[in-house]
Amino acid sequence: YLNDDYKSATPFFEKIYDKTNSDGSTPGINLYLCLMKSGDTAHVETIKKELVAHISSDVSDARKKGQKPIFDATGLVLASWTGEMSEEDALAYNALTTGQWFRSKHVWDCELYYYLGAYNAVNGNTDKARTYLQKSVDTGMKHMVEWLLAKHELEELDKKAGSS
């Protein structure tokens, strides 16, 4: 994945996604990003539908119980990707709830900013992607995969900008 060989990385992400019962969490998000980068548009649509169904189910279940849905960082990413909430609302929700589930603000920020940035990057929103990815790196969470990936994505965006 970090060598930009997304076709070779896809089976790895598919295996993890399948083992998590296609629950739409981080493995599903990473598979979606990998497929987008590899250009596998047919498979992308299938995964996106599964991710939308997952988050829609979570939201529907909570609403049936008269509750607001509770999202972790990956849930916020899915909610923003699927239109359940805007990116701005996802960021505001994150700001209100971080630390409530034994995770630090910087951990959630690192994840959320990376995935929002990566999603915007694969969908051609380079300026927005760069802003989110830089915020992920700025968390200083160097021990996290998302921090490393955000740094890598920024380098890739810089290479693309330099070659155009």
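Below is a short write-up of the structure.

Cut-offs applied
Residues numbered from 1 in each chain as written. Predicted model: local features only at pLDDT ≥ 70, side-chain atom pairs only at ≥ 80, totals over all residues. Heavy atoms only, no water. Helix = DSSP H or I, 4+ residues; strand = E, 2+ residues; numbered from the N terminus. Contact = heavy atoms within 4.5 Å. Areas by Shrake-Rupley, 256 points an atom, 1.4 Å probe, with all protein chains shown as cover. Phe/Tyr/Trp six-rings, centres within 6.5 Å; stacked < 30°, edge-to-face > 60°. Buried < 20%, exposed > 50% of the residue type's maximum accessible area, 1.4 Å probe, protein only.

1. Regarding the overall build of the protein chain
Across its full length, the protein chain carries eight helices and zero strands. The secondary structure elements of the protein chain, listed N-terminal to C-terminal, are α-α-α-α-α-α-α-α. For the protein chain, restricting intrachain contacts to residue pairs at least 6 apart in sequence, the fraction spanning at least 24 positions comes to 56%. Accessible area of the protein chain: about 8,700 Å², with a carbon and sulfur share of 52%.

2. Considerations on the packing of aromatic side chains
Inspection of every chain in the model, using the stated rule, returns four aromatic pairs. With 5.3 Å between their ring centres and 75° between their planes, Phe 12 and Phe 13 make a pair best called edge-to-face. On the basis of relative accessible area, Phe 13 is assigned to the buried category, the value being 13%. Here the aromatic rings of Tyr 114 and Tyr 115 are separated by 4.8 Å at their centres, their planes lie at 65°, and the arrangement is edge-to-face. Both residues of the pair, Tyr 114 and Tyr 115, belong to the buried class.

3. Here we look at the side chain of Asn 30
On the secondary structure map, Asn 30 appears in helix 2 (residues 26-38). According to the relative accessible area criterion, Asn 30 is buried, its value standing at 10%. With residues near it in sequence (within four places) discarded, Asn 30 still touches Phe 13 and Tyr 115.

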